[in-house]
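For reference, the chains in residue letters:
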Amino acid sequence: MTGIGRTMWVVPEGYLPPEEDSAHSSRELVSHEAACVLNTGDRAAHLELTLYFTDREPVGPYRVTVPARRTTHLRFNELSDPERVPRGTDYASVLVSDVPVVVQHTRLDSRDPAVALLSTVAYPG
């Protein structure tokens, strides 16, 4: 099956609240952002994620593989290579794949105990 989606996705808005500001400590409820990637094709998707900042040079690529006919929820607060994603800093992200995929961007902000969830489909390039 030919994969559904595009090979370039852009999320112009990104922000990880400082970890110490989170009202929750469990992995499920700590403040985070995620790129939810769906690969419906018959080949693994090799992704490169680059982050862009207002006051410094871009960082990346972060490399991730999504197996064929699978999904991955890539949590930005867990990325560490080439470096950890800074908290308390605005950024944007560009994700490039070697096969078509679909990307949804999600943020869980748990600075307030009631938590807030934002989710949107990324912009296809």
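Residues numbered from 1 in each chain as written. Predicted model: local features only at pLDDT ≥ 70, side-chain atom pairs only at ≥ 80, totals over all residues. Heavy atoms only, no water.

Trainee: Any chance you could explain the side chain of N39 here in plain terms?
Mentor: Mapped onto the secondary structure, N39 falls in strand β2 (residues 32–39). A distance of 3.0 Å separates a polar atom in the side chain of N39 from the backbone nitrogen of G41. Of note is the side chain of N39, whose polar atom sits 2.9 Å from the backbone oxygen of R43. In contact with N39, other than residues within four places in its own chain, are A44, A45, V66, P67, A68, R69, R70, V99, P100 and V101. (Helix = DSSP H or I, 4+ residues; strand = E, 2+ residues; numbered from the N terminus. Polar contact = N/O pair within 3.5 Å; in protein donor to acceptor, adjacent residues only side chain to side chain. Contact = heavy atoms within 4.5 Å.)

Trainee: Help me out: how do you make sense of the pairing of strand β3 (residues 45–53) in this one?
Mentor: Note: β3 against strand β4 (residues 59–66), 6 bridges, orientation antiparallel. Of the residues in β4, the one forming a bridge with E48 is R63. With antiparallel pairing between neighbouring strands as the criterion, β3 and β4 make up a hairpin whose turn holds 5 residues. (Pairing = 2+ DSSP bridges.)

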